[in-house]
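One letter stands for each residue in the lines below.
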Amino acid sequence: MTTTKKNKIIFWTATILIFLFEGVMPALTSQSEMAKEGIRHLGYPEYFGNALVVFKILGVIALVVPQVPKRLKEWAYAGFAFDFIFAAISHYAVDGMGFNAFFPFIVLGVLMVSYVYYHKINSVNS
């Protein structure tokens, strides 16, 4: 297997995981009572959760559509990084150190893999 093919497989695997966790799942569950209670539990108003879902969906679209300009993809990666960091902080502040405070860092790791391999692929194609 060529290095380019391996890089693309790693990139798309990580990116699809982000797409599922941050795009599909929020889109399908954001209006559930459990999701709304989760936002309230952290002290945020309901409209914040709605706005967050809209931006997550726009962000994953930016990551998975190849025609999206590179600068916009960079903003999407940055937005997700901030989202995961602040999610961890919010969970830690409300519930203390636990899985909910740690899990956003796991997803941040997946995002970092996507980001690194996005640049590896594009440095080869440039």
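In case you missed it, the structure is sitting above this.
What counts, and where the lines are drawn
Residues numbered from 1 in each chain as written. Predicted model: local features only at pLDDT ≥ 70, side-chain atom pairs only at ≥ 80, totals over all residues. Heavy atoms only, no water. Salt bridge = Lys/Arg side-chain N within 4 Å of Asp/Glu carboxyl O. Helix = DSSP H or I, 4+ residues; strand = E, 2+ residues; numbered from the N terminus. Buried < 20%, exposed > 50% of the residue type's maximum accessible area, 1.4 Å probe, protein only. Lys, Arg positive; Asp, Glu negative; His and termini not counted. Contact = heavy atoms within 4.5 Å. Core = buried A, V, L, I, M, F, W, Y, C linked by side-chain atoms within 4.5 Å. Phe/Tyr/Trp six-rings, centres within 6.5 Å; stacked < 30°, edge-to-face > 60°.

Caption draft 1: Summary view of the pattern of salt bridges. According to the stated counting rule, one finds 5 salt bridges in the structure shown. Lysine 56 is the partner of glutamate 22 in a salt bridge, and the nearest nitrogen-oxygen pair spans 2.8 Å. Taken as a pair, glutamate 22 in helix H1 (residues 3-29) and lysine 56 in helix H3 (residues 46-64) lie far apart in primary sequence, 34 residues in all. In this structure, glutamate 22 and lysine 56 share a single accessibility class: buried. Beyond isolated ion pairs, a larger network of salt bridges with shared partners links Glu22, Lys56 and Asp83.

Caption draft 2: Structural context of the environment of histidine 119. Here histidine 119 lies in helix H5 (residues 99-125). In this structure the C-alpha to C-alpha distance between histidine 119 and phenylalanine 103, which are 16 residues apart in sequence, comes to 25 Å.

Caption draft 3: Examining the side chain of lysine 73 more closely. Summarising the element assignment, lysine 73 is placed in helix H4 (residues 70-95). Glutamate 74 is the oppositely charged side chain nearest to the buried, salt-bridge-free lysine 73, at an N-O distance of 9.9 Å. For lysine 73, the residues in contact, after removing those within four places along its chain, are Ala62, Leu63, Val64, Val65, Pro66, Val68 and Tyr118.

Caption draft 4: Representation of the nonpolar core. Counting 16 residues, the largest nonpolar core has Phe11, Ile18, Leu63, Tyr77, Phe80, Phe84 and Leu111 as its most contacted members. Among all residues touching phenylalanine 84, those that are not within four sequence positions of it are Ile18, Glu22, Pro104, Val107, Leu108 and Leu111.

Caption draft 5: Examining the packing of aromatic side chains more closely. Scanning the model with the defined rule gives 9 aromatic pairs in all. With centroids separated by 4.9 Å and ring planes inclined at 75°, the aromatic side chains of phenylalanine 11 and tryptophan 12 adopt a geometry described as edge-to-face. Residue classification places tryptophan 12 among the partly exposed residues on the basis of a relative accessible area of 33%. When the centroid spacing of 4.7 Å and the interplanar angle of 25° are considered together, the rings of tyrosine 44 and phenylalanine 48 count as stacked. You can call tyrosine 44 partly exposed: its relative accessible area is 30%. One aromatic cluster in this structure is built from Phe11, Trp12, Tyr77, Tyr115 and Tyr118.

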